[in-house]
Each structure stands twice: as structure tokens, then as C-alpha cells.
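# Architecture and fold: a report
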Amino acid sequence: MTELSQPTMLSEHACFGGVQRFYQHASSAIGLPMRFAVYLPPGAADGAMAGKLPVLFYLAGLTCTEETFMIKAGAQRMAAELGLTLVAPDTSPRGAGAAGETDSWDFGAGAGFYLDATREPFARNYRMESYILELRELVLASLPADPQRLGIFGHSMGGHGALTLALRHPGLFRSVSAFAPIAAPMRCPWGQKAFSGYLGADQAAWRAHDASELMKEAGRPVFPQGILIDQGLADKFLAEQLYPETFEDACRAAGQPLELRRHAGYDHGYYFISTFMEDHLRFHRRNLD
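Below: a short report on this structure.

What counts, and at which threshold
Residues numbered from 1 in each chain as written. Predicted model: local features only at pLDDT ≥ 70, side-chain atom pairs only at ≥ 80, totals over all residues. Heavy atoms only, no water. Buried < 20%, exposed > 50% of the residue type's maximum accessible area, 1.4 Å probe, protein only. Helix = DSSP H or I, 4+ residues; strand = E, 2+ residues; numbered from the N terminus. Arc of directions from axis to C-beta. Contact = heavy atoms within 4.5 Å. Polar contact = N/O pair within 3.5 Å; in protein donor to acceptor, adjacent residues only side chain to side chain. Phe/Tyr/Trp six-rings, centres within 6.5 Å; stacked < 30°, edge-to-face > 60°. Axes fitted to C-alpha atoms, helices over the stretch in contact; angles between N-to-C directions. Parallel < 35°, antiparallel > 145°, perpendicular 65-115°, else oblique. Left-handed = near helix turned anticlockwise from the far one by under 90°. Nonpolar A, V, L, I, M, F, W, Y, C, P; charged D, E, K, R; others polar. Salt bridge = Lys/Arg side-chain N within 4 Å of Asp/Glu carboxyl O. Core = buried A, V, L, I, M, F, W, Y, C linked by side-chain atoms within 4.5 Å.

### A closer look at helix α7 (residues 211–218)
The set of residues buried in α7 consists of Ala-211, Ser-212, Leu-214 and Met-215. Here the buried residues of α7 occupy an arc of 160° about the axis, which is enough to place them on one side. Among the structural elements, α4 (157–168), α6 (203–207), β8 (227–232) and α9 (244–254) are those in contact with the buried residues of α7. The N-cap of α7, judged by a side-chain oxygen 3.0 Å from the amide nitrogen of Ser-212 a few residues on, is Asp-210. Gly-219 lies just past α7 and shows a positive phi near 65°.

### Focus on unusual backbone geometry
At the junction of Glu-120 and Pro-121, the peptide bond is cis and its omega measures out at 5° in the coordinates. Within the secondary structure, Pro-121 sits in the loop between β5 (85–89) and α3 (128–142). Of note in the backbone geometry, Tyr-114 takes a positive phi value of approximately 55° without being a glycine. The backbone of Ser-156 shows a phi angle near 55°, a positive value even though the residue is not glycine. With respect to the helices and strands, Ser-156 occurs in the loop between β6 (145–155) and α4. Under the relative-accessibility criterion, Ser-156 is labelled buried at 3%.

### Considerations on the packing of aromatic side chains
Enumeration over the complete set of coordinates arrives at 18 aromatic pairs. Arranged with centres 5.0 Å apart and planes meeting at 80°, the rings of Tyr-58 and Phe-153 form a pair that is edge-to-face. On the criterion of sequence distance, the pair formed by Tyr-58 in strand β4 (residues 53–59) and Phe-153 in strand β6 is long-range, its members being 95 residues apart. Accessibility assignment for this pair places Tyr-58 and Phe-153 in one class, buried. Judged by centre distance (5.5 Å) and plane angle (90°), the ring pair of Phe-122 and Tyr-198 falls under edge-to-face. Note that Phe-122 is positioned in the loop between β5 and α3 and Tyr-198 in helix α5 (residues 189–199), a separation of 76 residues in sequence. A relative accessible area of 4% means that Phe-122 is categorised as buried.

### Examining the environment of Ile-229
For Ile-229, the position within the fold is in strand β8. Contact partners of Ile-229, with chain neighbours within four places excluded, come to Leu-163, Ala-178, Pro-181, Phe-247, Leu-258, Glu-259, Leu-260 and Arg-261.

### Looking at the packing of α4 against α7
Running from N to C, α4 and α7 cross one another at 25°; their axes reach a closest spacing of 9 Å. Put simply, α4 runs roughly parallel to α7. As α4 runs across α7, the sense of the crossing is left-handed. Where α4 approaches α7, its residues Leu-163, Thr-164, Leu-167 and Arg-168 are matched on the opposing element by Ala-211, Leu-214 and Met-215. Classifying every residue of the contact of α4 with α7 gives 5 nonpolar, 1 polar and 1 charged.

### Focus on the environment of Gln-20
On the secondary structure map, Gln-20 appears in strand β2 (residues 18–26). By relative accessible area, Gln-20 is classed as buried at 5%. With 35 residues separating them in the primary sequence, Gln-20 and Val-55 have C-alpha atoms 14 Å apart. Among all residues touching Gln-20, those that are not within four sequence positions of it are Ser-11, Glu-12, His-13, Cys-15, Ala-37, Val-38, Tyr-39, Met-70 and Gln-76.

### A short note on the pattern of salt bridges
Taken as a whole and assessed by the stated rule, the structure comprises 16 salt bridges. In this structure, Arg-168 engages Glu-129 in a salt bridge whose closest nitrogen and oxygen atoms are separated by 2.8 Å. One end of the pair, Arg-168, is in helix α4; the other, Glu-129, is in helix α3, with 39 residues separating them in the sequence. Note on Arg-168: relative accessible area 30%, which makes it partly exposed. Within the structure, one salt-bridge network assembled from shared partners comprises Arg-77, Glu-81, Glu-278 and Arg-282.

### What to know about the nonpolar core
If you look at the biggest cluster of nonpolar residues, it comprises 101 residues, and the most contacted ones within it are Phe-69, Tyr-198, Phe-247 and Leu-281. Among the elements that make up this core, the one with the highest residue count is α3 (7 residues). Setting aside anything within four residues of it in sequence, one finds Leu-281 in contact with Leu-56, Ala-75, Met-78, Ala-79, Leu-82, Leu-84, Leu-86 and Phe-153.

So, to be careful, I would describe these as geometric facts and stop short of saying anything about function.
This is the structure in C-alpha cells:
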């Protein structure tokens, strides 16, 4: 394991009796400075809470940063009540200077897709899978975090990331959920664009980062306590980009317990996410006990 750099705290804000912090550190996985956000529940920052805490990592969607979830999701109030630490990384490297990284909103900057690129000019810095694993180690080394009680969830591209990282690295995360995930990226324009640009034409490499294909390959329950997914039925991306039914079919065939909740009237945004945030935090807290 590469030596971890000490994070620098950029700001701290009192929030529901705990603290909201924003950090920057030199990432060995990315080769550039990276930012992440942490919410510590009451007592965690000053050591008043005994023992190590469960930690929930949130992966955000296209165009988002480390701030988006902490500002928009309304998660801190319930995290304070449940004694959960929340960690939210950025969604891509910043300032890599790769040709084409700012040409479109759904590829490159703000759109790292939580995988390690193998295709130039992105292979050097766009290594978001390795980065999330590095951040996991950094959190365990620098916060009162229990390595046996780590969960992961996310939204859209981040839902894809949460599902694929949990399935690709069994044992690192005990609990997983998602909001409107890109559940079968090999089938959709967002996924095809990202996979082509980051991984090239090799379909085997694509399958290794597709949650539905990973579940098919597993062929067994990976998370016996279940997976929770919420999906809005007024989501304009549902038909063309998300394919939750494909992941549902894969889970059914593998015997993987899945609660896929479909909600009339809800779209793809943070009004939807904030509505069901408490359910997800309680789901993870139960699984991390």
C-alpha cells in the first residue's frame, strides 16, 4: 500500500451537534490533489463518543463535486441521530489537463465513472476506482472509523459506482444501496460513452464495470442482508440510461435479495434523493450493527 498523505482540512462547520468538514489531500492513486467531505456526528470530532463509528461513503453523479451531497441531500440530521459518519469524494480528478476532459458534461471532468481508465490520455489520472479504495484507507487511518462497519451508496453515476465497487471488492463494504443508479451501463449512452473513452473497445473490460453483468457473474447472493434501490418513475433518464429492471433480473437469477422501490412522480434530482435519504441511512445503520 502506498503511503497515505495527511489530509488538510479546508473548512469546518457546526451541523446538528456534529461537524461538517471539507478536506484536500495529495492522492497517490490520482497523482493530483483531491477533495472530499466528511460529516462527523456529535461527539466524534472531540473524542467524546467512545469507540469507532460506522462510516457510509456516498458517490455522487455526473457533474457533481464533493460538496453536492453534503449541501443538497439533507443527510446530516439523521446521520447525527444514528451516529453515522458520512464521507463524500469528488467525482473525478480536477486539472488533469487530459485532452477532451472538459468537452462534454457527461465525460471527463465531473464524470470519472468510478473506474480506472486504461485508454490514453486518461489512464494516468482518471483512476477513480483506485481512488475510492485509497480514500477508504485514508478514512480508516485518520478518523474514528470501524473497518468492519463500512457501507457505500450513491446516485446515478455514483449509484453505478456504489454497486460495482461493492460487487468488485466483496468484504470491503458490508452494506450497499443506490438512488436511480446507472444499473446496466453497457446498454446505455452514458455508459457506452464512458467505457469507450476510458477503457476502449474491449467488451470484457466493460462487463467488469457493469453492475448487472457483475451480479450475473456472481450467480449468488453477495449481500445476504439485501440491496436497496430507489427509482423515480418521472425520471427523464429512466428509459434510456438507467435500466433498473436489468439489475433486478440479474439479482433474481442470482438469489440476491433486492428491494427496488419505484416512486410515481419523482424525478432524478435531489428533491427525490432527500425524500428517501432517511430510509437509506436507516437501512445502512441496521446492516452495519
